[in-house]
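One-letter residues, chain by chain:
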Amino acid sequence: SPVDYAKKVAAIKAIDEYIKDNYIIGVGSGSTIVYAVERLAQRVKDEKLHVVCVPTSYQARQLIVNHKLQLGDLDIYPKLDCAIDGADEVDANMTLIKGGGGCLTQEKIVASCAKQFIVIGDESKESQKLGEKYKKGIPIEVIPMAYCPVQQKVEALFGGSAELRMAKMKAGPLVSDNGNFILDWKFPDSQFDWASVNTTIKMIPGVVETGLFVNMASKVYYGMADGSVREHK
Ligand code: DER
């Protein structure tokens, strides 16, 4: 489909421009990253590159293993050369909403360990203001026993509604790779200082991580259906 093609061209551009021999690479989660891992595996084979891949989810781990790429972890490689990942939305300041796929916690940890954090996506992810494009709300990973007080505190602090994410192929709430629940906070249309919102929410007892990635992305590649790729300016 045109969207898949757009994702693919963005992924190829990122891998071709950023990956070098002996790189330690953080591998993100979602659907766009699949094209990046495919391209990476092709380059490793063609150019006989030596790279190590650190996953951000069980899904990313499977991608790495299935493409016969060398698997690493943060115990062995706490400093990464670059991390590549998708996003649910990117605003004018390159603040991201991530976590649509429920992998925000390990994604943020891995991104924070990388010298460069490269975001890839189709053009539908680009917006001026968070909330314009991605309507499901900002994911917040919480310790299960705390989800109700966290829900209430987020809504009391900032308004909107924080809803417990329910699983699709399992009865009950979605359980993250870390064994936690996820709230999707549908925030009100307002001028938010996302850095301060992120810090405040993280300080609520029971919150593990938010899907607000503030001042983390080094570059964003937006793939277009016509095969061209725009970089965030
Ligand atoms: O869950 C996540 O953070 C994913 O990276 C998501 O934001 C991007 O998923 P996509 O590449 O399938 O759009």
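Owing to the predicted nature of the structure, the values given are computational and were not obtained by experimental measurement. (Residues numbered from 1 in each chain as written. Predicted model: local features only at pLDDT ≥ 70, side-chain atom pairs only at ≥ 80, totals over all residues. Heavy atoms only, no water.)

Draft legend 1. Highlighting the overall build of the protein. Scanning the protein from N- to C-terminus turns up six helices and 14 strands. On C-alpha atoms alone, the protein measures out to a radius of gyration of 17 Å, which is about the 17 Å that the 2.2 N^0.38 rule sets for 233 residues. With the C-alpha coordinates aligned to their principal axes, the bounding extent of the protein is approximately 55 × 35 × 35 Å. Per-residue burial for the protein yields a buried fraction of 51% across its 233 residues. Element-wise, carbon and sulfur atoms account for 55% of the exposed surface of the protein, whose accessible area totals about 10,800 Å². (Helix = DSSP H or I, 4+ residues; strand = E, 2+ residues; numbered from the N terminus. Rg over C-alpha atoms; globule rule 2.2 N^0.38 Å. Buried < 20%, exposed > 50% of the residue type's maximum accessible area, 1.4 Å probe, protein only. Areas by Shrake-Rupley, 256 points an atom, 1.4 Å probe, with all protein chains shown as cover.)

Draft legend 2. A look at the site of the ligand. Around the ligand, the structure places 15 residues, and the nearest of them are S31, T32, G99, G101 and K125. A distance of 2.9 Å separates an oxygen atom of the ligand from a polar atom in the backbone of S29. Contact distances for the ligand include 2.8 Å between an oxygen atom and a side-chain N or O atom of E107. When isolated, the ligand has an accessible area of 350 Å², and the protein chains bury 91% of it. Taken together, the residues that form the shell around the ligand break down as one nonpolar, nine polar and five charged. (Near = heavy atom within 4 Å. Polar contact = N/O pair within 3.5 Å; in protein donor to acceptor, adjacent residues only side chain to side chain. Nonpolar A, V, L, I, M, F, W, Y, C, P; charged D, E, K, R; others polar.)

Draft legend 3. Just the sheet that holds strand β1 (residues 24-27), in detail. Reading across the sheet, the seven strands line up as β3-β2-β1-β4-β7-β13-β14 and stay open at both edges, with mixed pairing between neighbours. Taken across any chain shown, the strands that pair with only one partner, and hence form the sheet edges, are β3 (70-71) and β14 (229-231). Relative to β3, strand β2 (residues 52-55) is paired through two bridges, and the arrangement is parallel. When the sheet's bridge partners are listed, V52 is paired in β3 with Q70. Along the sheet, helix α2 (residues 32-47) contacts β1, β2, β4 (80-85) and β7 (114-122); its crossing angle with β7, the most-contacted strand, is approximately 115 degrees. (Pairing = 2+ DSSP bridges. Contact = heavy atoms within 4.5 Å. Axes fitted to C-alpha atoms, helices over the stretch in contact; angles between N-to-C directions.)

Draft legend 4. Structural view of the pattern of salt bridges. All told, the structure shown has 13 salt bridges when counted by the stated rule. Notably, a salt bridge pairs R230 with E126, separated by 2.6 Å at the nearest N-O pair. Residue R230 is found in strand β14, and its partner E126 is found in the loop between β7 and β8 (138-142); the two are separated by 104 residues along the sequence. Residue classification places E126 among the partly exposed residues on the basis of a relative accessible area of 22%. Here the salt bridges share partners, and the residues they tie into one network are D85, K98 and E107. (Salt bridge = Lys/Arg side-chain N within 4 Å of Asp/Glu carboxyl O.)

Draft legend 5. The environment of P205, seen in detail. Note on placement: P205 falls in the loop between α6 (194-202) and β11 (207-210). Look at P205 and you get exposed, because its relative accessible area is 62%. With residues near it in sequence (within four places) discarded, P205 still touches A146 and V150.

Draft legend 6. Representation of the packing of aromatic side chains. With the rule as written, the count across this model stands at eleven aromatic pairs. Ring centres 4.9 Å apart and planes at 35 degrees place the aromatic pair F192 and W194 in the tilted group. The class of F192 is buried, set by a relative accessible area of 16%. An aromatic cluster of at least three residues, connected via ring pairs, comprises F158, W185, F187, F192 and W194. Between K98 and the ring centre of F213, over which it is positioned, the NZ or CZ distance is 5.6 Å. (Phe/Tyr/Trp six-rings, centres within 6.5 Å; stacked < 30°, edge-to-face > 60°. Lys NZ or Arg CZ within 6 Å of the ring centre and 35° of its normal.)

Draft legend 7. A look at the packing of helix α5 (residues 147-158) against α6. At a minimum axis separation of 11 Å, α5 and α6 run at an interaxial angle of 145 degrees. Here α5 and α6 pass one another in a crossing that is right-handed. On α6, the residues touching V154, L157 and F158 of α5 are V197, T200 and I201. (Left-handed = near helix turned anticlockwise from the far one by under 90°.)

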